[in-house]
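# Remarks on the overall topology
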Amino acid sequence: ALRLGYALWHFWWMCGQVIEGRIWLERALELPSEDSQALFRSRALSAMGTLAGLQGDLEQAERLCQESLVMSRQLGDMHSIITALWMLGYVAREKSKYVVARTLAQESLQLARSTKNMPGINYSLETLAVVALDQGNYQEARILIEEGLEICRQVGDIWETARSLWLLALALLFQGDIAQAHKRLEESLA
């Protein structure tokens, strides 16, 4: 149940079934588990924490991702470490704790780069870009978004490409480049 829940979290997010995902992950996490299943438990915790964070349940997201991070570090599970750090950075940004958000996202990015975890790289770049946007560093945000956009295109992730184009349009709009912002929004829409 833990393994299946972790495998499906991204699907639930993409299909707009975040509530369903949280319900199934919560049920799986309530089941007794053995030490041999610690890897799947830590991954399920980061998955549920991520879904909670994406729904704005920041306290639960933070609690679950912290628990996942501790377990993942003990297990040496880089994938879960990256996911937990990225989401903790996202939560910190949502709470306007920009220094913490930047630090967590940078650590996540460094680990994602070292393991060639493309989704982790993209999500970390996106978190750093949104922090930069929030702080008025539009050029920095644009550079980060463009790097993430290139990754999305390389791996053929249409959904994340559309999200990155929308975010790039926002950065361009804040820089006063309305024509390029409009062009990126049209591309995102297509």
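Read on for an overview of the structure. (Residues numbered from 1 in each chain as written. Predicted model: local features only at pLDDT ≥ 70, side-chain atom pairs only at ≥ 80, totals over all residues. Heavy atoms only, no water.)

## Regarding the overall build of the protein chain
Per the secondary structure count, the protein chain includes 10 helices and zero strands. When the helices and strands of the protein chain are listed from N to C terminus, the series reads α-α-α-α-α-α-α-α-α-α. In terms of overall size, the protein chain behaves like a compact globule, its C-alpha atoms giving a radius of gyration of 17 Å where 190 residues would be expected to give roughly 16 Å. On the principal axes, the C-alpha backbone points of the protein chain span a range of 55 × 35 × 30 Å. Within the protein chain, buried positions represent 47% of all 190 residues. When contacts within the protein chain are restricted to residue pairs at least 6 apart in sequence, those whose partners lie at least 24 apart make up 56%. About 9600 Å² of surface is accessible on the protein chain, with carbon and sulfur atoms providing 56% of the total. (Helix = DSSP H or I, 4+ residues; strand = E, 2+ residues; numbered from the N terminus. Rg over C-alpha atoms; globule rule 2.2 N^0.38 Å. Buried < 20%, exposed > 50% of the residue type's maximum accessible area, 1.4 Å probe, protein only. Contact = heavy atoms within 4.5 Å. Areas by Shrake-Rupley, 256 points an atom, 1.4 Å probe, with all protein chains shown as cover.)

## Some thoughts on empty space enclosed by the protein
What the rule picks out here adds up to one cavity of 30 Å³ or more. Surrounding the largest cavity, Asn122, Leu125, Glu126, Leu144, Ile145, Gly148, Ser164 and Leu167 form its lining. If you list the elements that add at least two residues to the lining of the largest cavity, you get helix 7 (118-134), helix 8 (138-155) and helix 9 (158-174). Classifying every residue of the lining of the largest cavity gives four nonpolar, three polar and one charged. (1 Å grid on protein atoms, 1.4 Å probe; cavity = no way out; pocket = protein on both sides within 12 Å on 5 of 7 lines; lining within 4 Å. Points joined across faces, edges and corners; volume = space filled by probe spheres on them. Nonpolar A, V, L, I, M, F, W, Y, C, P; charged D, E, K, R; others polar.)

## Points about the environment of Leu64
Tracing the sequence through the fold places Leu64 in helix 4 (residues 58-75). Here Leu64 falls in the buried class, since its relative accessible area comes to 4%. Apart from the residues lying within four places of it in its own chain, the contact partners of Leu64 are Leu45, Met48 and Gly49.

## Overview of the packing of helix 5 (residues 78-94) against helix 7
Geometry of a packed helix pair, given as the angle between the helix axes and the separation of the axes. It is the contact of helix 5 with helix 7, at a shortest axis distance of 10 Å, that shows an interaxial angle of 15°. In terms of axis orientation, helix 5 runs roughly parallel to helix 7. As helix 5 packs across helix 7, the resulting crossing turns out to be left-handed. Each of Ile82, Trp86, Gly89, Tyr90 and Arg93 in helix 5 lies in contact with helix 7, whose residues at this interface are Gly120, Tyr123, Ser124, Thr127, Val130, Val131 and Asp134. The residue makeup of the contact of helix 5 with helix 7, split by class, is six nonpolar, four polar and two charged. (Axes fitted to C-alpha atoms, helices over the stretch in contact; angles between N-to-C directions. Parallel < 35°, antiparallel > 145°, perpendicular 65-115°, else oblique. Left-handed = near helix turned anticlockwise from the far one by under 90°.)

## Concerning the state of the cysteines
Following the criterion strictly, the structure yields zero disulfides and no others. This cysteine, Cys15, is not joined by any disulfide, and Cys152 carries the nearest cysteine sulfur, 17 Å off. The buried category is assigned to Cys152, whose relative accessible area is 2%. (Disulfide = S-S within 2.5 Å.)

Purely geometric numbers; function is a separate question.
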